[in-house]
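Listed below are the residues making up each chain.
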2 protein chains.
Amino acid sequence: MSAPNPISCPSASKIRSLPDEGLELIARRFAVLAEPMRLRLLHSLFEGEKNVSQLVELTGGTQANISRHLQTLTSSGILSRRKEGLLVFYAIADPSIYHLCDLVCGSLEQQLTKQADVFARR
Amino acid sequence: MSAPNPISCPSASKIRSLPDEGLELIARRFAVLAEPMRLRLLHSLFEGEKNVSQLVELTGGTQANISRHLQTLTSSGILSRRKEGLLVFYAIADPSIYHLCDLVCGSLEQQLTKQADVFARR
DNA sequence: GAACTATATACGCATTGGATCATATTTGAA
DNA sequence: TTCAAATATGATCCAATGCGTATATAGTTC
């Protein structure tokens, strides 16, 4: 009901008139990753599947808040959800997340290193 | 004054206690990319350097709005700024942006394809 | 079914950030 | 110096979103 035109994104540089819908989707994906607590959750899940209580413990957030963030991450397709009795286990479903985080981390590292150099080189 | 501990992000999966500061920086970077109009600007700049008026024309936004978004992108280190007389030219300064966008696009494409399959396969 | 645990959700509040209008600033030209 | 064009910024409004508290739902055990 919401995917009429498959996003055409051939290498991101060839597009002529990229549709608004596609832009919104991409922006949304970035927005999901734009919260420190959600990044913390992802980081915790990099080691492997965990249930909500474990994540609450690991991140130090409130249960309600963690639950909400997990919902956000899951409904965006980044996490998967698995029920086992009373427990609900979450895991990283979209492997591109690893690379994505690495890219941003690397870029920031480089950026900060350059800035540090500017200070040092006087 | 704001980069005391260089973000340690060795492959994103090895970190023990990733500092809040780092998380905020990463989240901020994602947040900058989480706006359709900014993505549109980046897309326009993928072809090469452009000045503000050109970008206003290409994106269909208002001058004030475009100017603000360019400011956001520039101060985050994603774009560079070059003055030439009355004109101000912006260009992509952080090459990782290309890869970043490709990654997200690819991931979304795959996700939507899967969803489409679910519908088709009944 | 009652009680308990794990997880999800509804509500209200406070903050943030984008869009717009008007105006300021910079620079080139007459 | 005065004007005009290109760009930036201040003020304001409005929508979105995150957080906390309280409560609801689901599943387990007795």
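Nothing here was measured: the structure is a model prediction, and the numbers come from that model. (Residues numbered from 1 in each chain as written. Chains lettered and ligands numbered in written order. Predicted model: local features only at pLDDT ≥ 70, side-chain atom pairs only at ≥ 80, totals over all residues.)

### A short note on the nonpolar core
Okay, step 1: Ranked by internal contacts, the top residues of the largest apolar core, which has 42 residues, are Ile 26, Phe 30 and Val 104 of chain A together with Ile 26, Phe 30 and Val 104 of chain B.
Okay, step 2: Among the secondary structure elements, those contributing two or more residues to this core are helix H1 (20-32), helix H2 (36-46), helix H4 (63-75) and helix H5 (96-120) of chain A together with helix H1 (20-32), helix H2 (36-46), helix H4 (63-75) and helix H5 (96-120) of chain B.
Okay, step 3: Setting aside residues no more than four positions away along its own chain, Ile 26 of chain B makes contact with Leu 39, Val 104, Cys 105 and Leu 108 of chain A. (Core = buried A, V, L, I, M, F, W, Y, C linked by C-beta atoms within 7 Å. Buried ≥ 20, exposed ≤ 12 C-beta atoms within 10 Å, placed from the backbone. Helix = DSSP H or I, 4+ residues; strand = E, 2+ residues; numbered from the N terminus. Contact = placed C-beta atoms within 7 Å.)

### A closer look at the interface of chain B and chain A
Okay, step 1: Taken together, the 46 residues of chain B in the interface contact 46 residues of chain A.
Okay, step 2: Mapped by element, the contributors of at least two residues to the side of chain B that touches chain A are H1, H2 and H5 of chain B.
Okay, step 3: Looking at which element gives the most residues to the side of chain B that touches chain A, the answer is H5 of chain B, with 18 residues.
Okay, step 4: In terms of residue class, the side of chain B that touches chain A is made up of 27 nonpolar, 11 polar and eight charged. (Nonpolar A, V, L, I, M, F, W, Y, C, P; charged D, E, K, R; others polar.)

### Observations regarding the environment of Ser 76 of chain B
Residue and element names in this part refer to chain B.
Okay, step 1: You can see Ser 76 is positioned in the loop between H4 and strand E2 (79-84).
Okay, step 2: Ser 76 gets classed as partly exposed once you count the C-beta atoms within 10 Å, which come to 19.
Okay, step 3: In this structure the C-alpha to C-alpha distance between Ser 76 and Val 32, which are 44 residues apart in sequence, comes to 7.7 Å.
Okay, step 4: Excluding anything up to four places from it in sequence, Ser 76 contacts Arg 29 and Val 32.

### Things to note about H5 of chain B
Okay, step 1: Given a rise of 1.5 Å per residue, 25 residues ought to cover 36 Å, and the 36 Å separating the end C-alpha atoms of H5 of chain B matches this to within 8%.
Okay, step 2: When we look at burial in H5 of chain B, the residues that qualify are Ile 97, Leu 100, Cys 101, Val 104, Cys 105, Ser 107, Leu 108 and Gln 111 of chain B.
Okay, step 3: At its buried positions, H5 of chain B is contacted by H1 and H5 of chain A together with H2 and strand E3 (87-92) of chain B. (Expected span 1.5 Å × (residues − 1).)

### Re the relation of the copies chain B and chain A
Okay, step 1: For the match of chain B to chain A, the screw axis carries a shift of 0.0 Å, the RMSD comes to 0.0 Å, and the turn is 180 degrees. Both chain copies can therefore be described as sitting about a two-fold axis.
Okay, step 2: A share of 100% of interface residues in chain B that are also interface residues in chain A marks the association as one of identical surfaces. (Least-squares fit on C-alpha atoms with pLDDT ≥ 70 in both.)

### As for the pairing of E2 of chain B
Okay, step 1: Both E2 of chain B and E3 of chain B contribute to a ladder of six bridges, which runs antiparallel. Its bridge partner lying in E3 of chain B, Arg 81 of chain B is registered against Tyr 90 of chain B. (Pairing = 2+ DSSP bridges.)

### Side note on the protein's contact with DNA strand C
Okay, step 1: Close contacts around DNA strand C come from 19 residues, with Asn 51, Val 52, Ser 53 and Ala 64 of chain A together with Ala 64 of chain B the closest.
Okay, step 2: Listing elements by their share of the surface near DNA strand C, those giving two or more residues are helix H3 (52-59), H4 and strand E3 (87-92) of chain A together with H4 of chain B.
Okay, step 3: The greatest single-element share of the surface near DNA strand C, amounting to six residues, is contributed by H4 of chain A.
Okay, step 4: The residue inventory of the surface near DNA strand C, partitioned by class, reads nine nonpolar, eight polar and two charged. (Near = placed C-beta within 6 Å.)

### A look at the packing of H2 of chain A against H1 of chain B
Okay, step 1: Put simply, H2 of chain A and H1 of chain B touch, their axes get as near as 9 Å, and they point 110 degrees apart. One finds that H2 of chain A runs roughly perpendicular with respect to H1 of chain B. Where H2 of chain A approaches H1 of chain B, its residues Pro 36, Leu 39 and Arg 40 of chain A are matched on the opposing element by Asp 20, Leu 23, Glu 24, Ile 26 and Ala 27 of chain B. (Axes fitted to C-alpha atoms, helices over the stretch in contact; angles between N-to-C directions. Parallel < 35°, antiparallel > 145°, perpendicular 65-115°, else oblique.)

### A short note on H2 of chain B
Okay, step 1: Turning to H2 of chain B, its buried residues number three or more, namely Arg 38, Leu 39, Arg 40, Leu 41, Leu 42 and Leu 45 of chain B.
Okay, step 2: A positive phi of about 140 degrees marks Gly 48 of chain B, the residue just after H2 of chain B.

### Digging into the protein's contact with DNA strand D
Okay, step 1: As a structural note, the neighbourhood of DNA strand D is formed by 19 residues, with Ala 64 of chain A together with Asn 51, Val 52, Ser 53 and Ala 64 of chain B the closest of them.
Okay, step 2: For the surface near DNA strand D, the secondary structure elements donating two or more residues are H4 of chain A together with helix H3 (52-59), H4 and E3 of chain B.
Okay, step 3: When the residues that make up the surface near DNA strand D are grouped by side-chain class, the tally is nine nonpolar, eight polar and two charged.

### Re the confidence of the model for chain A
Okay, step 1: Per-residue pLDDT for chain A has a mean of 86; in total, 84% of the residues score no lower than 70.
Okay, step 2: Segment residues 1-16 of chain A: pLDDT under 50, and 28 contacts once partners within four positions in sequence are set aside and those in other chains are kept. (pLDDT = per-residue confidence, 0-100.)

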